[in-house]
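So you can see what is in the structure, the chains are spelled out below.
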Amino acid sequence: MRAVRLHSDGLRLEDMDRPVPGEGEVLVRVRAAAITRGELEWPVDRLPAVPSYELSGAIADTGEEVFALTPFDRDGVAAEYASVTSAVLAPKPASLTHVEAAALSMGGLSAWQGLFVHGHLQAGERVLVTGASGGVGHLAVQLARQAGAEVVDEEPAELVFDTVGGELPVGGRVVTIAAEAPGATYFVVEPDREQLVELARLADAGELVPAIDSTFPLDSAREAFERVAAHGKRGKVVLDVAGD
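So, a few notes on the structure that sits alongside this text. Being a predicted model, the structure only gives us computed values, none of them experimental. (Residues numbered from 1 in each chain as written. Predicted model: local features only at pLDDT ≥ 70, side-chain atom pairs only at ≥ 80, totals over all residues. Heavy atoms only, no water.)

A word on the packing of aromatic side chains. Per the stated rule, a full pass over the model turns up 4 aromatic pairs. Between Tyr-53 and Phe-72 the ring centres are 5.3 Å apart and the planes differ by 90°, which places this aromatic pair in the edge-to-face class. Of this pair, Tyr-53 sits in the loop between strand S3 (25-35) and strand S4 (54-59) while Phe-72 sits in the loop between strand S5 (65-69) and strand S6 (81-85), placing them 19 residues apart in sequence. Tyr-53 gets classed as buried once you look at its relative accessible area, which sits at 0%. Owing to a relative accessible area of 22%, Phe-72 belongs among the partly exposed residues under this scheme. Among the aromatic residues, those joined into a cluster by ring pairs are Trp-42, Tyr-53 and Phe-72. One Lys or Arg, Arg-18, reaches over the ring of Tyr-81 and ends 4.0 Å from the middle of that ring. (Phe/Tyr/Trp six-rings, centres within 6.5 Å; stacked < 30°, edge-to-face > 60°. Helix = DSSP H or I, 4+ residues; strand = E, 2+ residues; numbered from the N terminus. Buried < 20%, exposed > 50% of the residue type's maximum accessible area, 1.4 Å probe, protein only. Lys NZ or Arg CZ within 6 Å of the ring centre and 35° of its normal.)

A few words now on the environment of Glu-180. Locating Glu-180 in the fold gives a position in the loop between strand S11 (173-176) and strand S12 (185-186). Its relative accessible area of 70% is what places Glu-180 among the exposed residues. C-alpha of Glu-180 to C-alpha of Gly-166: the two residues are 14 residues apart in sequence and 10 Å apart in space.

Our next topic: the nonpolar core. Counting 33 residues, the largest nonpolar core has Leu-104, Leu-115, Val-127, Leu-143, Phe-161 and Leu-199 as its most contacted members. Taken together, the elements giving at least two residues each to this core come down to S5, helix H1 (98-118), strand S8 (126-129), helix H2 (137-146), strand S10 (159-162) and helix H3 (193-204). Looking at this core, the element that brings in the most residues is H1, giving 7 residues. Not counting residues within four places of it along the chain, the set of residues in contact with Leu-199 comprises Leu-104, Gly-108, Leu-109, Trp-112, Leu-143 and Leu-208. Counting residues in hydrophobic clusters, the runner-up holds 27 residues, among them Ala-82, Val-88, Ala-221 and Ala-224. (Core = buried A, V, L, I, M, F, W, Y, C linked by side-chain atoms within 4.5 Å. Contact = heavy atoms within 4.5 Å.)

Our focus in this paragraph is the sheet that holds S8. With parallel pairing, 5 strands are arranged side by side in an open sheet as S9-S8-S10-S11-S12. Since the sheet does not close on itself, it has two edges, and those belong to strand S9 (150-152) and S12, each with one partner. Along the sheet face, H1 touches S8, S10, S11 and S12 and points at about 155° away from the line of S10. Against the sheet, H2 touches S8, S9 and S10, its axis set at about 170° to S8. (Pairing = 2+ DSSP bridges. Axes fitted to C-alpha atoms, helices over the stretch in contact; angles between N-to-C directions.)

The next point concerns a negative patch on the surface. Side chains of Asp-153, Glu-154, Glu-155 and Glu-167 sit close together on the surface and give a patch of like negative charge. Within the secondary structure, Asp-153 is located in the loop between S9 and S10. Given the relative accessible area of 73%, Asp-153 is considered exposed. (Patch = residues over 30% accessible without salt bridge, like charges linked within 9 Å, V, L, I, M, F, W, Y side chains within 5 Å. Areas by Shrake-Rupley, 256 points an atom, 1.4 Å probe, with all protein chains shown as cover. Salt bridge = Lys/Arg side-chain N within 4 Å of Asp/Glu carboxyl O. Lys, Arg positive; Asp, Glu negative; His and termini not counted. Charge placed at Lys NZ, Arg CZ, Asp CG, Glu CD.)

Before going further, it helps to examine the layout of surface pockets. Roughly 850 Å³ of volume is contained in the largest pocket. Forming the walls of the largest pocket are 33 residues, and the residues nearest its centre are Thr-36, Arg-37, Val-136, Thr-163 and Ile-177. Elements represented by at least two residues in the lining of the largest pocket include exactly H1 and strand S14 (236-239). A total of 3 residues in the lining of the largest pocket trace back to one element, the largest contributor, which is H1. Its residues assigned to classes, the lining of the largest pocket comprises 16 nonpolar, 13 polar and 4 charged. By volume, the second largest pocket amounts to about 200 Å³. Pro-19, Asp-75, Gly-76, Ala-82 and Ser-83 are, among the 16 residues lining the second largest pocket, the residues nearest its centre. (1 Å grid on protein atoms, 1.4 Å probe; cavity = no way out; pocket = protein on both sides within 12 Å on 5 of 7 lines; lining within 4 Å. Points joined across faces, edges and corners; volume = space filled by probe spheres on them. Nonpolar A, V, L, I, M, F, W, Y, C, P; charged D, E, K, R; others polar.)

Pasting the structure below:
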């Protein structure tokens with residue numbers, strides 16, 4: 001199979017053996033893999049490493065279509081096949097393409113956990129989302145509105161959900177995924193199958209639509225990561241592994 005691997009001198013597209021699933025894992029044929037700004041800095045202690053942790057594809061043995069956020073402490077999914085822990089896989093939203101489903105996994109979970117798990121957002125509250133057009137922010141805006149909150153672009157707000165860092169707006173509660181900051185709750189998104197199931201339900205009901213900034217084939221991974229680091233994106237950058 002072909003896979004993108006990060007080395008100390010950059011990204012390379014390489015031929016590799018298909019992974020062999022271990023206990024509690026399944027082999028997934030990857031159809032699309034979304035990428036996130038800064039993620040090439042995560043596995044520096046275990047190079048070479050496969051990037052991307054945002055998956056949509058099909059279980060190789062059964063053909064069941066699935067999507068997932070995969071754990072960050074192992075190889076990612078920027079490859080034609082990936083071995084994935086079964087517990088993190090959720091049924092792919094039927095209404096979404098594989099590119100859209102991959103774009104929903106990390107962004108949707110980050111938004112869900114920021115708003116509801118850490119931010120405790122309630123209906124009727126004012127919420128300010130920084131980076132509202134980004135890969136996480138545009139989903140947070142949709143989820144907040146769907147939950148009955150009022151999305152505002154200026155203070156004051158009961159909840160500030162920060163996705164970009166820098167100087168934080170004033171809020172009754174401040175949650176950030178960008179960087180630790182005084183007075184703010186900082187968190188790192190975690191894989192969660194049950195939350196993905198709820199995100200898929202909302203997507204299939206037409207209440208949650210992931211935005212795609214751009215797609216790239218697997219052999220253009222370097223250009224994809226250049227795009228994800230650029231300013232002015234609207235939505236996610238996705239590797240269209242299967243050419244769908």
